[in-house]
Protein chains: 2
Amino acid sequence: MAFYHRRTCPRTMSNLATVFFLLACIYSSQTQSTEQSPVQACETDHPEKVAEEEVSIQHQLDNLNLLLFLSLLVLTILTIWLFKAHRFRFIHETGLAMIYGSIVGAIVWYTADTNGPEHDPITTDAQECDISKATSSIYLSLEYPSNKSVTFQYNRLGIIKGGAYTVPSAFVEKVNFDPEVFFNMLLPPIIFYAGYSLKRRHFFRNLGSILTYAMVGTAISCFVVGGIMYSLVVLVMKRTDFNLKDSLFFGALISATDPVTVLAVFHDLQVDVDMYILVFGESVLNDAVAIVLSRSVESYDSDSFEAGPILKSLGIFIGVFVGSFAIGSVMGCITAIVTKFTRIRDFPLLETAIFFIMSYMCYLMAEAAQLTGIVAVLFCGIMQAHYTYNNLSEESKKRTKEVAELAQFLAESFIFSYMGISMFNPRNQYWDAGFIFSAFFAILVGRFLNIYPLSFLLNLGRKQKIPWNIQHMLMFSGLRGAIAFALAIRNTATVARQLSLTATLIIVLITVVICGGMTTQMLTWLKIRVGVSDEDTAQQQGMQVVGSQNTEIDVRIRKRYDQAWLVRQWYDLDHKFFKPIFTRKGADLKETLPLCCYPVARCLTVMDEHVNEDSDSDLILDENSSSADQLSGVNLEIAQPTNHTEDDIVLDADLGLGSNQITTPGLNLKPIPAVV
Amino acid sequence: MAFYHRRTCPRTMSNLATVFFLLACIYSSQTQSTEQSPVQACETDHPEKVAEEEVSIQHQLDNLNLLLFLSLLVLTILTIWLFKAHRFRFIHETGLAMIYGSIVGAIVWYTADTNGPEHDPITTDAQECDISKATSSIYLSLEYPSNKSVTFQYNRLGIIKGGAYTVPSAFVEKVNFDPEVFFNMLLPPIIFYAGYSLKRRHFFRNLGSILTYAMVGTAISCFVVGGIMYSLVVLVMKRTDFNLKDSLFFGALISATDPVTVLAVFHDLQVDVDMYILVFGESVLNDAVAIVLSRSVESYDSDSFEAGPILKSLGIFIGVFVGSFAIGSVMGCITAIVTKFTRIRDFPLLETAIFFIMSYMCYLMAEAAQLTGIVAVLFCGIMQAHYTYNNLSEESKKRTKEVAELAQFLAESFIFSYMGISMFNPRNQYWDAGFIFSAFFAILVGRFLNIYPLSFLLNLGRKQKIPWNIQHMLMFSGLRGAIAFALAIRNTATVARQLSLTATLIIVLITVVICGGMTTQMLTWLKIRVGVSDEDTAQQQGMQVVGSQNTEIDVRIRKRYDQAWLVRQWYDLDHKFFKPIFTRKGADLKETLPLCCYPVARCLTVMDEHVNEDSDSDLILDENSSSADQLSGVNLEIAQPTNHTEDDIVLDADLGLGSNQITTPGLNLKPIPAVV
């Protein structure tokens, strides 16, 4: 792996040059193609021909547009490989994609012929309620001298900025592709993979802290940012096109953190898994919270603080969050049930296909039900990893993981390239240096008031304190990324929204490039230990503790930690009921369910009797758990998590992020060896 | 694998019921959502709100549409699993997807409220050349009493059938999704996988026959079908809206065969690989030919036979085919070079990503250059399998294969579902029983005149005759599928095109369901041996020959077969130059290239010296080949293909379709054991 040849560089560089040449070709060819079309259209008397030409021109423009993005991706991937091979960690693929994107974007926007022919808008006086004239489709009928008539259908794209009727060249038009593509195609794989690759054991152990940062912290951040923006932009800078609701909306969208670059460095340098999960878990859940918050703010009906609308928005927040959670979880469970009770695992291709289709369906269902699909798909991913994964065939286990990882990688690179390209898109942006500086100030304060006070409160309750250096690292990990951008670009109808989008783009670029680049440096400054391999962990496990504050952590404290009420309850429920219902593992339902449910229990466990070929590990697990069940309270509580340990470690390692767990100063949350 | 529980059926069925229930929910919810929108739009004075509402409604409709398709896919997959588990081979997933699709389609089209409000088209008199008024975007400006003005942008969708201004409900509108999606998103994975999973050894051995059927045969089929359609529809039925060009276009598009159901049965029943490759290879290449033919016909400028336009079309045919082939091959080779000369294989995720992006780019580049991307992507797939595959890391080898297979499966199921749903779409169809019957008659005659005369001619040249039963099977394998549909739906502006689309849909449905269902029966009737496993083959290899006509095939004949000029030349070139240039395998370039190219040769083989960790098999191969090189003519020719045998068998087995090779009556094309 570490074997690298310096001499390959020039060749790679020549590849890069090829790609650039290609880009130039694309660009020149598009200019030609758009110029041809009106001439050809004019020379014919056959309207069908025009339609055919139109179809082929549109198709060609779509292709050129995609080709541009893909060339960018190839360029990014090759450069990233070069950096990785050189152990050059100062820039991550997302940052690079964005930088390349913005270079290409600048070329496209500033060289493109935006001073095209001016078209008079078809103007209608809207006397009463004539907004209804702007139907979603309109039809333009042209009559020919030859008594032929041809009708074109036009679909409404959206509202454009008042007054700007200069038509940009067709290619430039196309680069503005529909923001719904983000939501429907690009975000779901990213978020699903986040859920699917979550190290659940560590996640559930730190559930309390993660939930606090993600729920309370994001709300704090949203209101702090909103408040500061309102004070600075509306009260100080006296903008009239930006109101309280816009401020809060900006606060909500910019509170979605996306520390993908930081996490990549954490992964490469093998930092402590619990610190990893704090950063990762917070960012994953806070995306969900930020999305739902922005929805609630959007539906806030008033321009001042009033109890009614506030309560309504709160209701929407809770309703949307719970509803999306429910849809995601239920779809995850349905997939688990389908894969448990059918023998579709004999056909891994069908199994994988159904796994992804059902995961994607949960996104669509949540959106169709006016909830948020991203939140649903996140929890669906977690459920799929926790239950369905156990039912899959060996081949599907690998395949689902690999496909999800690839999809995530491609979608993420694509989004960041797109962000780069839209950086200089004049269409839906509104630059205001004051606004951007205010936004930077606001997010810094917002993040500060999120991390430090909450860490203080958490440390009051936690036996394992979150030390200062981890708190600083959490503060530092507040990068912004894909979700913030997706929320901002979704609607750019008003100036306020355009201001927000522009500020978001700049914030994403700066945080991704600067924070991403400085992560390694930061880990050194904060004296966070890195690079401890699995073997070290195994040796240290339960004995050696490296740390400053807690140089000796006795078994009791750790026992206490493992017994945190929420976690304990969850493990208990999960092991006794959910696991055996949705998978072929876990406790025996016939024993855990009350007697009256015996028929149901028998029905649900019926497959276990037949499917013995692959249940070696299950049997071992069952032995463990049944012996654990016979023990009294305390032992049970210790045994339970440990019971899952082996199982989950394997799962975590399988699920992509490596099983690197090390002991950092003062944060030793290692599993205790089984006492039973 | 063979272990199956009957008791799981009821549960699966209840799952299916759930899916159906879901469909009902979708359907009812969509009706509500579309009814709400106009009311809400009218009540507000804020145009931005309308835009926001519009965005969310459009988004919801997109989701519902996708959800409908995905539910269909889940239903199809579960049913197919049920059938597979029951060894019920009478229907393939594609046929089933189409049937389910047509049921749902019938419900959607016949229950949907198509008698929506009539909208007056915005009519303009086109005095002179006013087709230019139908610009690709138009702007509708509404002025408000409050002196606000709001401008909506509308993008041109296309021409609609003259006179039909009833606006269908928004959901129904959406189900008609852009046919370009087929070309850009769904076809490339299917065709790429066909190329990537091609059993190249068998393919190259039967190259002559495959090329004859695919090139000459498809052209025959196109002109025969075109001629018959012209005679019947124009001359006999006297339709004035269908001309010679339309007939030939229909002939070209309907000549693309897609025997996916037959091949699935072949695979399940393990028929002879050479028969498999004849059917598969013909269908893959004839798609390419049919696409290019239809392009040439479209560009035919005249309404009668004239030398000029015919030559021009011929030129276009050759130019487009060769151009697309070149782009595909070159991109394949570039990918091979990139993966050979960079150490990107250390990062399998990046490697897989770049592999797929570059393959997809070749599609886009060909389309952007006005060539056909499908043809390019096919040859790119073959190149990727032949060269790039050897350079990939072990992980990427598996992953690329699996991802391509999954994408192919999903795309194919989706297309067939979509075909089912469009079966009853009144929008772009035109039913004419006479036309449909003529089309069936024409394709039967066209296939007949393709297979039998060409087989006769081929048998004159072949030592290994193609026996009657295989010829009948080839005749029977002329199913129509995705490509024919995609070509037909691409443009439905005229009545002739709508007639063609309708006929194509019916032909696809009937051939897929009937021929697909009867394949097993047909194999029995034609006495084609099935179910011979690899071990049998190994035992039989080179000795036992089961057959009627050629009961004893001596080594000389087989040697002669292996030495077919084209194949021999290709193997020689490939082994001496292409393999060593594009991969780390094959002969030593420093020996095969002329002395003047020594520096180039050294440069191209430079990686071999360093990368020894994974070249065990290469060394063996190199030994073989260098000894083979030292031998004189005949021995070399025998040794060459054999040399590749082991390598390729492994590849073929890896690449998805299993390595089942058996000896069928009279068609023994087995490799001979190495003589060296």
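Worth saying up front: this structure is predicted, and the values here are computed from it rather than measured.

Asker: Can you walk me through the overall build of chain A in this structure?
Answerer: Secondary structure assignment for chain A yields 26 helices and 3 strands. Looking at the 676 residues of chain A, the share that counts as buried comes to 60%. Counting only contacts in chain A whose residues sit at least 6 apart along the sequence, the fraction spanning at least 24 positions is 82%. Accessible area of chain A: about 25600 Å², with a carbon and sulfur share of 63%.

Asker: I would appreciate a short explanation of helix α12 (residues 348-368) of chain B in the present structure.
Answerer: An α-helical segment advances 3.6 residues per turn. Residues three or four places apart therefore align on the same side. Residues and elements named next belong to chain B. Between its first and last C-alpha, α12 extends 30 Å over 21 residues, near the 30 Å set by a 1.5 Å rise per residue. Burial runs high along α12: 20 of the 21 residues are buried. At the C-terminal side of α12, Q370 shows a positive phi close to 65°.

Asker: Just checking my understanding: could you explain helix α16 (residues 468-476) of chain A for this structure?
Answerer: Residues and elements named next belong to chain A. The buried count for α16 comes to 7 of 9 residues, which makes it a mostly enclosed element. Taken residue by residue, α16 has N469, I470, Q471, M473, L474, M475 and F476 as its buried positions. On its buried face, α16 sits against α7 (207-236), α9 (260-269), α10 (273-298), α15 (433-461) and α18 (495-525).

Asker: Even after reading the chapter, I still don't get the packing of α12 of chain B against helix α13 (residues 373-391) of chain B, so can you show me in this structure?
Answerer: To describe two helices that pack against each other, one gives the angle between their axes and the distance between the axes. Residue and element names in this part refer to chain B. Taken N-terminus to C-terminus, the directions of α12 and α13 make an angle of 150°; their axes are 8 Å apart at the nearest point. Comparing their axes, α13 and α12 come out roughly antiparallel. Pair α12 / α13 crosses with right-handed handedness. Of the residues in α13, those in contact with E351, F355, S359, C362, Y363, A366 and E367 of α12 are G373, I374, A376, V377, C380, Q384, T388 and N391. Residues that form the contact of α12 with α13 fall into these classes: 8 nonpolar, 5 polar and 2 charged.

Asker: Teacher, can you tell me more about the pattern of salt bridges here?
Answerer: Opposite charge on two side chains lets them pair, provided their charged atoms get close. Residue and element names in this part refer to chain A. Inspection of the entire model under this criterion finds 19 salt bridges over all chains. Notably, a salt bridge pairs D241 with R239, separated by 2.9 Å at the nearest N-O pair. On the accessibility criterion, R239 (16% relative accessible area) is buried. Residues participating in the shared-partner salt-bridge network are R239, D241 and D432.

Asker: Would you take a moment to explain unusual backbone geometry for this structure?
Answerer: Excluding glycine, residues mostly have negative phi values, and the peptide bonds linking residues are mostly trans. Residues and elements named next belong to chain A. Phi angles above zero are rare outside glycine, and Q270 is one such case at about 50°. With respect to the helices and strands, the residue Q270 is situated in the loop between α9 and α10. Phi angles above zero are rare outside glycine, and Q370 is one such case at about 65°. Mapped onto the fold, Q370 is located in the loop between α12 (348-368) and α13 (373-391). The class for Q370 is partly exposed, based on a relative accessible area of 41%.

Asker: Explanation requested: the packing of aromatic side chains in the structure shown.
Answerer: Aromatic rings considered in pairs are described by the distance between their centres and by the relative angle of their planes. All names here are of chain A. The final tally for this structure, using the stated rule, is 43 aromatic pairs over all chains. Taking 5.3 Å as the distance between ring centres and 55° as the angle between the ring planes, the aromatic pair formed by Y196 and F355 counts as tilted. Note that Y196 is positioned in helix α5 (residues 180-196) and F355 in helix α12, a separation of 159 residues in sequence. In this pair, the class of Y196 matches that of F355, namely buried. Here a set of aromatic residues connected by ring pairs shows up, and it is made of F192, Y196, F355, F356 and Y389. In this structure, R497 is placed above the aromatic ring of F249, and the distance from its NZ or CZ to the ring centre is 4.1 Å.

Asker: Sorry, what's going on with the environment of H267 of chain A here?
Answerer: All names here are of chain A. Tracing the sequence through the fold places H267 in helix α9. Judged by relative accessible area, H267 falls into the partly exposed class, the value being 30%. For H267 and F341, which are 74 residues apart along the polypeptide, the C-alpha to C-alpha distance reads 37 Å.

Asker: I would appreciate a short explanation of the confidence of the model for chain A in the present structure.
Answerer: Interpretation of the predicted coordinates at a detailed level should be avoided for regions scoring low in pLDDT. Residues and elements named next belong to chain A. Of all residues in chain A, 65% attain a pLDDT of 70 or more, and the chain-wide mean is 72. The element-level mean pLDDT for chain A is lowest in helix α25 (residues 616-630), coming to 32, with α15 highest at 92. Counted against residues more than four places away or in other chains, residues 123-132, with its pLDDT under 50, gives 24 contacts. Under a pLDDT of 50 for its full length, residues 161-169 has, in the predicted model, 22 contacts with residues more than four places off or in other chains. Confidence estimates for the predicted assembly give a pTM of 0.76 and an ipTM of 0.76.

Asker: Hey, could you run me through the side chain of S221 of chain B in this one?
Answerer: Structurally, S221 of chain B is set in helix α7 (residues 207-236). In contact with S221 of chain B, not counting residues within four places along its chain, are S255, G446 and R480 of chain B.

Asker: Teacher, can you tell me more about the environment of A366 of chain A here?
Answerer: Residue and element names in this part refer to chain A. By the secondary structure assignment, A366 is in helix α12. Along the sequence, A366 and S324 sit 42 residues apart, while their C-alpha atoms lie 6.0 Å from each other. Dropping the residues within four chain positions of it, A366 is found in contact with I327, L371, T372, G373 and A376.

Asker: Before we go on, may I ask you to explain the packing of α7 of chain B against helix α15 (residues 433-461) of chain B in this structure?
Answerer: Residue and element names in this part refer to chain B. Where α7 meets α15, the closest approach of the two axes is 8 Å, and the angle between their N-to-C directions is 145°. As α7 packs across α15, the resulting crossing turns out to be right-handed. Across the contact of α7 with α15, the residue classes tally to 19 nonpolar, 9 polar and no charged.

Asker: Looking at this structure, how should I read a nonpolar patch on the surface?
Answerer: Residues and elements named next belong to chain A. Side chains of L211, M215, V216, W565 and L566 sit close together on the surface and give an oily, nonpolar patch of about 440 Å² of accessible area. Counting residues per element, the ones that place at least two in the nonpolar patch are α7 and α21 (565-582). The dominant element in the nonpolar patch, judged by the number of residues it contributes, is α7, at 3 residues. Looking at where W565 falls in the secondary structure, it is placed in helix α21. Its relative accessible area of 55% is what places W565 among the exposed residues.

Asker: It is not clear to me how the environment of F441 of chain B should be interpreted in this structure. Could you clarify?
Answerer: All names here are of chain B. Position of F441 relative to the elements: it lies in helix α15. On the basis of relative accessibility, which here comes to 47%, the residue F441 falls in the partly exposed class. Considering only alpha carbons, one finds F441 and L70, 371 residues apart in sequence, at a separation of 35 Å. For F441, the contacting residues outside a window of four places in its chain are I228 and L232.

Definitions and limits used
- Residues numbered from 1 in each chain as written.
- Chains lettered and ligands numbered in written order.
- Predicted model: local features only at pLDDT ≥ 70, side-chain atom pairs only at ≥ 80, totals over all residues.
- Heavy atoms only, no water.
- Helix = DSSP H or I, 4+ residues; strand = E, 2+ residues; numbered from the N terminus.
- Buried < 20%, exposed > 50% of the residue type's maximum accessible area, 1.4 Å probe, protein only.
- Contact = heavy atoms within 4.5 Å.
- Areas by Shrake-Rupley, 256 points an atom, 1.4 Å probe, with all protein chains shown as cover.
- Expected span 1.5 Å × (residues − 1).
- Axes fitted to C-alpha atoms, helices over the stretch in contact; angles between N-to-C directions.
- Parallel < 35°, antiparallel > 145°, perpendicular 65-115°, else oblique.
- Left-handed = near helix turned anticlockwise from the far one by under 90°.
- Nonpolar A, V, L, I, M, F, W, Y, C, P; charged D, E, K, R; others polar.
- Salt bridge = Lys/Arg side-chain N within 4 Å of Asp/Glu carboxyl O.
- Phe/Tyr/Trp six-rings, centres within 6.5 Å; stacked < 30°, edge-to-face > 60°.
- Lys NZ or Arg CZ within 6 Å of the ring centre and 35° of its normal.
- pLDDT = per-residue confidence, 0-100.
- Patch = residues over 30% accessible without salt bridge, like charges linked within 9 Å, V, L, I, M, F, W, Y side chains within 5 Å.

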